Amino acid sequence: MAFIQLKTYSEALHTKTSIQVILPTPLAGEKNGSFYDQNKKFPVLYLLHGTYGDEGDYMRFSRIESYAQEYYVAVVMMDTENGCYRNMPRSGPAYYTYVTEELPKMMQWMFPISDKREDNFICGLSMGGTGAFKLGFTRPDLYGAVACMSANFSGWQDKADSDDSVWSMAFRDHEQLAGTDEDMYHVIDTAVEKGVSLPELYVCIGRQDFLYDSNLAFEKHLQKLGVRHVYHEQPGIHNWDFWDDELRRILAWLPIQRRDAKNWF
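Residues numbered from 1 in each chain as written. Predicted model: local features only at pLDDT ≥ 70, side-chain atom pairs only at ≥ 80, totals over all residues. Heavy atoms only, no water.

1. With respect to the sheet that holds strand E5 (residues 120-125)
Taken in spatial order, the eight strands of this open sheet run E1-E2-E4-E3-E5-E6-E7-E8, and their pairing is mixed. Both edges of this open sheet fall to strand E1 (2-10) and strand E8 (230-234), since each of them pairs with a single strand only. The mean angle between the axes of side-by-side strands here comes to 20°, regardless of whether they run parallel or antiparallel. Alignment of E1 against strand E2 (residues 15-23), held across nine bridges, turns out to be antiparallel. Within E2, the residue paired with Ala-2 across the bridge is Leu-23. Running over the sheet, helix H2 (residues 64-71) touches E1, E2, strand E3 (44-48) and strand E4 (74-78) and is turned about 50° from E2. Each of strand E7 (200-206) and E8 touches helix H7 (residues 212-225); the most contacted strand, E7, lies at about 150° to it. (Pairing = 2+ DSSP bridges. Helix = DSSP H or I, 4+ residues; strand = E, 2+ residues; numbered from the N terminus. Axes fitted to C-alpha atoms, helices over the stretch in contact; angles between N-to-C directions. Contact = heavy atoms within 4.5 Å.)

2. Some remarks on the pattern of salt bridges
Taken as a whole and assessed by the stated rule, the structure comprises 10 salt bridges. The residue Glu-182 makes a salt bridge to Arg-86 at a minimum N-O spacing of 3.2 Å. In this pair, Glu-182 sits in the loop between helix H5 (157-161) and helix H6 (184-194) while Arg-86 sits in the loop between E4 and helix H3 (95-110), placing the two residues 96 residues apart along the sequence. The pair Glu-182 / Arg-86 is uniform in exposure class, with both members buried. (Salt bridge = Lys/Arg side-chain N within 4 Å of Asp/Glu carboxyl O. Buried < 20%, exposed > 50% of the residue type's maximum accessible area, 1.4 Å probe, protein only.)

3. Section: the packing of H2 against helix H8 (residues 240-253)
For any two helices packed against each other, one specifies the inter-axial angle together with the distance between the axes. Running from N to C, H2 and H8 cross one another at 15°; their axes reach a closest spacing of 10 Å. When the interaxial angle is binned, H2 and H8 end up roughly parallel. The handedness of the crossing between H2 and H8 comes out as right-handed. On H8, the residues that touch Ile-64, Tyr-67 and Tyr-71 of H2 are Asp-244, Leu-247, Arg-248, Leu-251 and Ala-252. Considering only residue class, the contact of H2 with H8 consists of six nonpolar, no polar and two charged. (Parallel < 35°, antiparallel > 145°, perpendicular 65-115°, else oblique. Left-handed = near helix turned anticlockwise from the far one by under 90°. Nonpolar A, V, L, I, M, F, W, Y, C, P; charged D, E, K, R; others polar.)

4. Some words on unusual backbone geometry
Even without being a glycine, Tyr-85 presents a positive backbone phi close to 55°. Looking at the element boundaries, Tyr-85 is found in the loop between E4 and H3. Taking the relative accessible area as the measure of exposure, Tyr-85 reaches 0% and is therefore buried. The phi torsion at Ser-150 lies on the positive side, around 55°, for a residue other than glycine. Here Ser-150 lies in the loop between strand E6 (145-149) and H5. By relative accessible area, which is 0% here, Ser-150 ends up buried.

Encoded structure:
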């Protein structure tokens, strides 16, 4: 696998920003054959970090490089601070626009990454799990599959009501979020009402996670709506032991082929 660390300017963020990319390559000991001569476009998984995180979390705390290598999928990890994956008020960084529009174009221009909806996947943990659901189901035209690990489906209203929190920059003072794209029930209800083709959905939570009740209630709502999805729970808390295990399960669940030399050389 190739591991690339980027520093580049983002128009949506109004600043230089950091990105990490994993790309499939022949493994050590294998013959390159015609691998580098082909015009293969790889499926891509965009990974969203949680609160206090950055683009390096998955490489530092999980085995994502090994999983990507096993499935020959490109992986893109970006830094979005504690911005809840939304466009900041007062002309601040536009994280929603960055992840859904600017970043994919940038990655497709730089690397052999597919622009097909069925080859584009988004996944996140904690704040990033909520973000992955919001982005995936407000822009269902972009993603073939969405995976949410330990997401907060109860929404961000309590954070918007707080005068001083790590998420304060993401909201206007006491901004009302009910019925907006920050209301996950509104997001899925609207997506279903539009009758568009929805991404495949994977929702997972640890039974000892403080967000367990939020996930359980939302899963029941998905069932009520008849939304096709996979729900997985297992013993675990809000930490990397749980997320790393679920990443492995998510890669196996995604509609991509397991690495097989005869398919690539």
